[in-house]
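One-letter residues, chain by chain:
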Amino acid sequence: MPKEPTPDVFEGLPVVTAETMRAFDHAATERFGLQVLDLMENAGRAVAGAVERALKETGRALAGSKIVVCCGRGANGGDGLVCARHLKEKGAEVSVFICPPRKGEGGEGAYPDAVRLNLGKARGLGIKVTPAGPESGLRERLAAADAAIDALLGTGSSGKPAGAIHHMIQELNASKKPVYAIDLPSGIHPDTGYHSGVYVTAQATFTLGLPKRGLLAPHAKKYVGVLKVLDIGYPKELVAAQKPS
């Protein structure tokens, strides 16, 4: 039986590689003045709306729902922090667990500026943010949750997830709760759809701006779940000019 090909277009949008997406982000900033913080805010808001719709489809209102957001150290984690804030503002009970900075990096000051800023905003709204680890209480919080959000690793990650990221992925999968992934399920390669043995299995994946090639690989469907592409404010002319890669 011939191998099912990965499509070049999904939902009317070009399917791209991680490298193309990085160039796309650079063009959005350099040519159109979109800032990292603006894109992060748009992404988090859009994901919160998508989670609200997903819960509604299961007959559950967002207000009063218990949601755990697992955040990495980079931009994907920043998207998760923004998402947590918007979920909280919509009435959800939100708990955030974030991967701590690596030893010797100087504490929370080692996070990228946009992540550090949104960490402060989340705390300012009264969201409890707990450093991830074996004694963090993540397992117990997931056991009581209605859903969880994977904001651990984005398209810039490489290699097998390790340390606190590995631990959070294990806990997310073991919880058997609906997991909504931001941009891609952590541990899934954005270009190939393969994994190294440590990965999130998502009920739905809310990918940002453009669909990534690996998410549409036939063998990745069981990890990606329902795939939705979210508009996070990229200029329409930039999107229209983009070719599949």
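Going by the structure above, here's the rest.
What counts, and where the lines are drawn
- Residues numbered from 1 in each chain as written.
- Predicted model: local features only at pLDDT ≥ 70, side-chain atom pairs only at ≥ 80, totals over all residues.
- Heavy atoms only, no water.
- Disulfide = S-S within 2.5 Å.
- Buried < 20%, exposed > 50% of the residue type's maximum accessible area, 1.4 Å probe, protein only.
- Pairing = 2+ DSSP bridges.
- Helix = DSSP H or I, 4+ residues; strand = E, 2+ residues; numbered from the N terminus.
- Axes fitted to C-alpha atoms, helices over the stretch in contact; angles between N-to-C directions.
- Contact = heavy atoms within 4.5 Å.
- Expected span 1.5 Å × (residues − 1).
- Polar contact = N/O pair within 3.5 Å; in protein donor to acceptor, adjacent residues only side chain to side chain.

In total, this model carries zero disulfides according to the counting rule given. Looking at Cys70, it has no disulfide partner, and the nearest cysteine sulfur is the one in Cys71, 7.5 Å off. Residue Cys70 is classed as buried on the basis of its relative accessible area, which comes to 0%. In this structure Cys99 is a free cysteine whose sulfur lies 10 Å from that of Cys71, the closest cysteine sulfur available.

Before going further, it helps to spend a moment on the sheet that holds strand E6 (residues 147-151). Pairing is parallel in the open sheet, where seven strands are placed in the order E5-E4-E3-E6-E7-E8-E9. Each edge of the open sheet carries a strand with a single partner, namely strand E5 (128-131) and strand E9 (226-230). Taking each pair of neighbouring strands and ignoring which way they run, the sheet shows an average axis angle of 20 degrees. Where E6 lies against strand E7 (residues 179-182), three bridges are found, and the strand directions are parallel. Paired with Ala148 across the bridge in E7 is Val179. Packing against the sheet, helix H2 (residues 36-57) makes contact with strand E3 (66-71), E6, E7, strand E8 (204-208) and E9, and its axis sits at approximately 155 degrees to E8.

If you check the backbone angles, Lys176 has positive phi at about 60 degrees while not being a glycine. When you line up the elements, Lys176 lands in the loop between helix H6 (163-175) and E7. Positive phi is not limited to glycine here, since Asp183 has a value of about 75 degrees. Tracing the backbone through its elements, the reader meets Asp183 in the loop between E7 and E8.

This part covers helix H3 (residues 75-89). For H3, with 15 residues, the first-to-last C-alpha span of 21 Å sits near the 21 Å given by 1.5 Å per residue. When you tally the buried positions in H3, you get twelve out of 15 residues, the bulk of the element. Of the positions making up H3, those classed as buried are Asn76, Gly77, Gly78, Asp79, Gly80, Leu81, Val82, Cys83, Ala84, Arg85, His86 and Leu87.

This part covers the side chain of Ser95. Within the fold, Ser95 resides in strand E4 (residues 93-98). Of note is the side chain of Ser95, whose polar atom sits 2.6 Å from the side chain of Arg141. Excluding residues within four positions of it along the chain, Ser95 makes contact with Ile67, Val68, Val69, Lys128 and Arg141.

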